[in-house]
Amino acid sequence: MIIFVGHQENNNFCSVNLNVGPEDTEWFAVPNRYWGVLNSFCSKYKIDFLSGTWWPVLDDLEKEGVPVYRFLQRRGDLVWVNPGTPHWVQATGICNNVSWNVGPVTGHQYRMAMERYEWCKMRCVKSIVPMIHLSWNIARFVRVTDAILFAQLKECLTRSLLFCEYQMKRLKDEGIVISWHGRSDREPAHYCTVCQVEVFNILFVSSKNSKGEHYVLCEQCTRATDISIHEHKVLNQFTIEELKVVLNGLDLHCI
């Protein structure tokens, strides 16, 4: 029997869900604007909304005026979940389900994803989608046709570039050596080992652990350690000139 407890998809992305069968699955979902009510319920019962296990009581939702969509997904039915839609699912019998996360290239999806990305940072929860790396890759490889997405993307990349410039200048002023590292095509995004925030461009690498691996930290956590920041290896993955070329090449394409 399949049970998916209450959740929103990673970074509020959409999802496509196929019931292979043979039996049905029962779906419950509420519009995204009511996710705060669900978060309040979780807080009331000391359950973490992002990582905890929760299954809303329908009577409680009715008392709070939260509308609930409830339906059966039969064999062969495809269910599309909109950005940020809280939902929970259970099978009524033996069945197999296949699901994919998808991110439509729209301003609405991008805003929802970035809002959850920032909230994850505040909660020290790892963002499954590295939104800064994704944003730069959208600018590199995608023809943006959504005007709202274009404006949001340009603002995000501009802030990212300015932060990189400021960070590199400040480190150099402190006499900290920044070594060129570069980035391979298939290299995954890096996250701080301590606070789980995405680390872009400037990596603070600590000594090896017991497994012979290196730790990547963000600057804030690096400065909070007992080890001097000068004793960490500071690596640079992108040049400022390279990032400027990408940003200046970002354009809004008409359909």
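Conventions used here
Residues numbered from 1 in each chain as written. Predicted model: local features only at pLDDT ≥ 70, side-chain atom pairs only at ≥ 80, totals over all residues. Heavy atoms only, no water. pLDDT = per-residue confidence, 0-100. Helix = DSSP H or I, 4+ residues; strand = E, 2+ residues; numbered from the N terminus. Buried < 20%, exposed > 50% of the residue type's maximum accessible area, 1.4 Å probe, protein only. Contact = heavy atoms within 4.5 Å. Lys, Arg positive; Asp, Glu negative; His and termini not counted. Salt bridge = Lys/Arg side-chain N within 4 Å of Asp/Glu carboxyl O. Polar contact = N/O pair within 3.5 Å; in protein donor to acceptor, adjacent residues only side chain to side chain. Axes fitted to C-alpha atoms, helices over the stretch in contact; angles between N-to-C directions. Parallel < 35°, antiparallel > 145°, perpendicular 65-115°, else oblique. Nonpolar A, V, L, I, M, F, W, Y, C, P; charged D, E, K, R; others polar. Pairing = 2+ DSSP bridges. Phe/Tyr/Trp six-rings, centres within 6.5 Å; stacked < 30°, edge-to-face > 60°. Lys NZ or Arg CZ within 6 Å of the ring centre and 35° of its normal.

*Asks:* Break down the confidence of the model for the chain for me, citing the residues and quoting the values.
*Replies:* Summarising the model, the chain shows a mean pLDDT of 93, and 97% of its residues fall at 70 or more. Element-level mean pLDDT values for the chain span from 84 in strand β11 (residues 202-208) up to 98 in strand β5 (residues 78-81).

*Asks:* Account for the environment of Thr92, naming residues and giving values.
*Replies:* Within the element layout of this structure, Thr92 appears in the loop between β6 (87-91) and β7 (95-102). For Thr92, a relative accessible area of 48% translates into the label partly exposed. Along the chain, Thr92 and Leu171 lie 79 residues apart, while their C-alpha atoms are 58 Å from each other. Setting aside chain neighbours within four positions, we find Thr92 in contact with Asp24, Thr25, Glu26 and Leu72.

*Asks:* Requested: an account of the environment of Gln90, with residues and values cited.
*Replies:* Its location among the elements puts Gln90 in strand β6. C-alpha of Gln90 to C-alpha of Phe4: the two residues are 86 residues apart in sequence and 6.2 Å apart in space.

*Asks:* Tell me about the side chain of Glu9, and name the residues and values.
*Replies:* Counting through the fold element by element, Glu9 comes out in the loop between β1 (3-7) and β2 (14-22). With no salt bridge to any partner, buried Glu9 finds its closest opposite charge in Arg116, at an N-O distance of 10 Å. Side chain to side chain, Glu9 and His7 meet in a polar contact 3.3 Å long. In contact with Glu9, other than residues within four places in its own chain, are Cys14, Ser15, His87 and Asn101.

*Asks:* So what's going on with the packing of helix α3 (residues 107-123) against helix α4 (residues 131-141)? Which residues, and what values?
*Replies:* One can describe the packing of α3 onto α4 by two numbers: an axis separation of 11 Å at closest approach and a directional angle of 150°. As judged from the angle between their axes, α3 and α4 are roughly antiparallel. Here Tyr110, Ala113, Met114 and Tyr117 of α3 lie close against α4, whose contacting residues are Met131, Ile132 and Ser135. Partitioning the contact of α3 with α4 into residue classes produces 6 nonpolar, 1 polar and no charged.

*Asks:* Go over the pairing of β5, please, and point to the residues and values.
*Replies:* With burial as the criterion, only one face of β5 is covered, namely that bearing Val79 and Val81; the residues Leu78 and Trp80 on the opposite face remain uncovered. Relative to β5, β2 is paired through 4 bridges, and the arrangement is antiparallel. Among the inter-strand pairings, Val16 is bridged to a residue of β5, identified as Trp80.

*Asks:* Any chance you could break down the sheet that holds β7 for me, citing the residues and the numbers?
*Replies:* Pairing between the strands of a sheet is mediated by backbone hydrogen bonds and can be parallel or antiparallel. Taken in spatial order, the 3 strands make up an open sheet running β5-β2-β7, and their pairing is antiparallel. Single-partner strands in this sheet number two, and they are β5 and β7. Going from strand to strand, the sheet's axes swing by 20° on average, the running direction of each strand aside.

*Asks:* I'd like a rundown of the environment of Val142, residues and numbers included.
*Replies:* Within the secondary structure layout, Val142 lies in the loop between α4 and α5 (147-173). Filtering out sequence-adjacent residues up to four positions away, Val142 remains in contact with Val105 and Asn137.

*Asks:* Give me the lowdown on the packing of aromatic side chains, citing residues and values where you can.
*Replies:* Scanning the model with the defined rule gives 9 aromatic pairs in all. An angle of 40° between the planes, with centres 5.5 Å apart, marks the rings of Trp35 and Phe49 as tilted. Of this pair, Trp35 sits in helix α1 (residues 35-44) while Phe49 sits in the loop between α1 and α2 (58-63), and the two are 14 residues apart along the sequence. With relative accessibility at 24%, the residue Trp35 sits in the partly exposed group. Considering the side-chain rings of Phe200 and Phe238, the 5.3 Å spacing of their centres and the 20° angle between planes classify their relative orientation as stacked. With Phe200 in the loop between β10 (198-199) and β11 and Phe238 in the loop between β13 (233-236) and α7 (240-249), this residue pair connects regions lying 38 residues apart in the sequence. One aromatic cluster is present, built from ring pairs that chain together Trp35, Phe49, Trp54 and Trp119. Against the face of Trp35 rests Arg116, its NZ or CZ located 5.0 Å from the ring centre. Residue placement shows Arg123 over the ring face of Trp119; its charged tip is 4.7 Å from the ring centre.

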